[in-house]
Each structure stands twice: as C-alpha cells, then as structure tokens.
Amino acid sequence: EYVSGHYNDNDSDTPYVSEEIQDDLVKLENNVEGYSTMGLLVGHLNGRYMILTSQAYTAAVEEYAVVVQDDMRYKGPIDKFIPDEYKAELVCSDELTGISIISIYDTQVTDADRQYMKVADLDNSYVLNKGDMVIATGKIYGTSGAIDYGTITNRTVANSIDNNYEIFETNLSCMKDDYGFI
C-alpha cells in the first residue's frame, strides 16, 4: 500500500507518503531556477540509479539535483540539517507521455543516504483493467509529492516509431502541468 490511511494522523486534508514507499522517492531540486519536484527510483543499472520524473520539470531546468534525505527523516537538530545533493543527468525524455528519466551514479551517494534508497517494486501493467483502483504519486492538484487514488476509466494503445505502449486514463483530477506515476 502506498498510502497509509490516505491522510495524515491529524485528519487534515493533506495526503502524505507512507514509510513503505518513502524510500522509493527522491526530491529533485534546482536552486537556480527555483523548481522542485519528486522522482521515483525505478532502477539500479550499470552503477546508476534511474529516476522517473516529470518531463515538464526536465524541460524547465537545465541542471538537476537529487536529494535523498529530507528534514522529515533527519534525526538531529534541524538547524544543522544540510542535505546532500547529487548532480543528475538526463537519460531520456518523452513529451508525449510527459515523463523523463534522469540518473545519478551510485558512487556519488553516501552510505547515510543509500540506506534511504530503494528501487520501487513495480507491478505489471498488463494485469490492470478498466475499473481497477490505482494509486498515483507525483504532482497532483499542483502539489509535488502528493498521493491520491482513483479508478482506471480507459485504456488506449499508442504507437511510436520503436514500440507500442498503453495509456491509462483515470478519474483523478488534475491541474495544468500535473503528472502522476501509477
């Protein structure tokens, strides 16, 4: 389960990431242009962590910094918290689907941060059908790092030069530039 109770313990309307998936996510920042968003660790391949994120983010900034630990995980005095940032490289980007993959070299990552990194266990989309419940994380309702759940309302196949892929439509609401990973 990606959402623990869907909302935080004080019954506010703010979704939060459960501890179970927290290690699958990293924060992406660009202090120069002032953009930040979330990314999902989808692979560890040839000494690089692969991070799935929004194409709108990678199109808007020129340099990407990955932050693993945030102030929610830090156990020391908050005024002493300075997160490590890791320079990332763009691997590929697809405007049609709205997703990009960036990567960081695992040799950059400190042992302290590595303990908070886990490649997401991704399920097989072939078993999903119209009417199935899904959980999405990403920029939802204009808030990066949000989580919500909904139902698959349609499934379509799209063709590109090299392959075919399926697009799942859901009943999740969205705003301009929102995106989600299901």
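Within every chain, residues take consecutive numbers counted from 1 along the sequence as written. Given that this is a predicted model, residues contribute local features only at a pLDDT of at least 70 and side-chain atom pairs are listed and counted only at 80 or more, while totals for whole chains, interfaces and linings are drawn from all residues. As a convention, hydrogens and water are excluded, and side-chain values are obtained from all of the structure's heavy atoms.

1. Points about the packing of aromatic side chains
In step 1: Between 30 and 60 degrees the pair is tilted, below 30 it is stacked and above 60 it is edge-to-face, where a pair is any two Phe, Tyr or Trp rings, Trp via its six-membered ring, whose centres lie within 6.5 Å. Taken as a whole and judged by the stated rule, the model has 1 aromatic pair.
In step 2: Seen in terms of ring centroids, Tyr-57 and Tyr-64 are 6.0 Å apart; in terms of plane orientation they differ by 45°. Their pairing is tilted.

2. Some details on the nonpolar core
In step 1: In this description, a nonpolar core means a group of buried Ala, Val, Leu, Ile, Met, Phe, Trp, Tyr and Cys residues linked to one another through side-chain atoms lying within 4.5 Å. To sort residues, take the accessible area from a 1.4 Å probe on protein chains only and compare it with the maximum for the residue type: under 20% means buried, over 50% means exposed, and anything in between is partly exposed. Core analysis: the largest hydrophobic core is formed by 17 residues, its most contacted members being Val-26, Leu-28, Ile-51, Val-66, Ile-102, Ile-104 and Met-117.
In step 2: Only heavy atoms matter for contacts: two residues are in contact if any of them lie within 4.5 Å across the pair. Leave out the neighbours within four places in its chain, and Met-117 touches Asp-23, Leu-41, Tyr-49, Val-68, Ile-104 and Val-109.
In step 3: Membership of the second largest hydrophobic core comes to 7 residues, among which are Leu-25, Met-38, Tyr-179 and Phe-181.

3. Digging into the confidence of the model for the chain
In step 1: Looking at the chain, the pLDDT average stands at 75 and 77% of residues meet or exceed 70.
In step 2: Within the chain, no element has a lower average pLDDT than helix H1 (residues 19–22), which sits at 63, and none a higher one than strand E6 (residues 99–105), at 91.
In step 3: In predicted models, pLDDT denotes the confidence assigned by the predictor to each residue on a 0 to 100 scale. Across residues 1–17, confidence stays below pLDDT 50; counting only partners more than four residues off in sequence or on other chains, it has 31 contacts. Every helix listed is a DSSP run of H or I at least four residues long, and every strand listed is a run of E at least two residues long, numbered separately from the N terminus.

4. Quick look at the environment of Val-91
In step 1: Inspection of the secondary structure assignment puts Val-91 in strand E5 (residues 85–94).
In step 2: Classification of Val-91 by relative accessible area gives partly exposed; the value is 38%.
In step 3: In the structure, Val-91 is positioned 11 residues away from Ile-102 in sequence and 5.0 Å away in space, judged by C-alpha atoms.
In step 4: Setting aside residues no more than four positions away along its own chain, Val-91 makes contact with Arg-48, Met-50, Ile-101, Ile-102 and Ser-103.

5. Section: the pattern of salt bridges
Pairing is possible between side chains that carry opposite charge, provided their charged atoms lie close to one another.
In step 1: Each salt bridge in this description consists of a side-chain nitrogen of Lys or Arg and a carboxyl oxygen of Asp or Glu lying within 4 Å of one another. As enumerated under the stated definition, the model contains 2 salt bridges in all.
In step 2: Of the charged contacts in the structure, one is a salt bridge between Glu-29 and Lys-27, with a shortest N-O distance of 3.2 Å.
In step 3: Between Asp-111 and Arg-114 there is a salt bridge; the shortest N-O distance is 3.9 Å. Linking Asp-111 with Arg-114, this pair stays in helix H3 (residues 111–114), spanning 3 residues, or about one helical turn.
In step 4: Using a relative accessible area of 64% as the deciding quantity, one classes Asp-111 as exposed.

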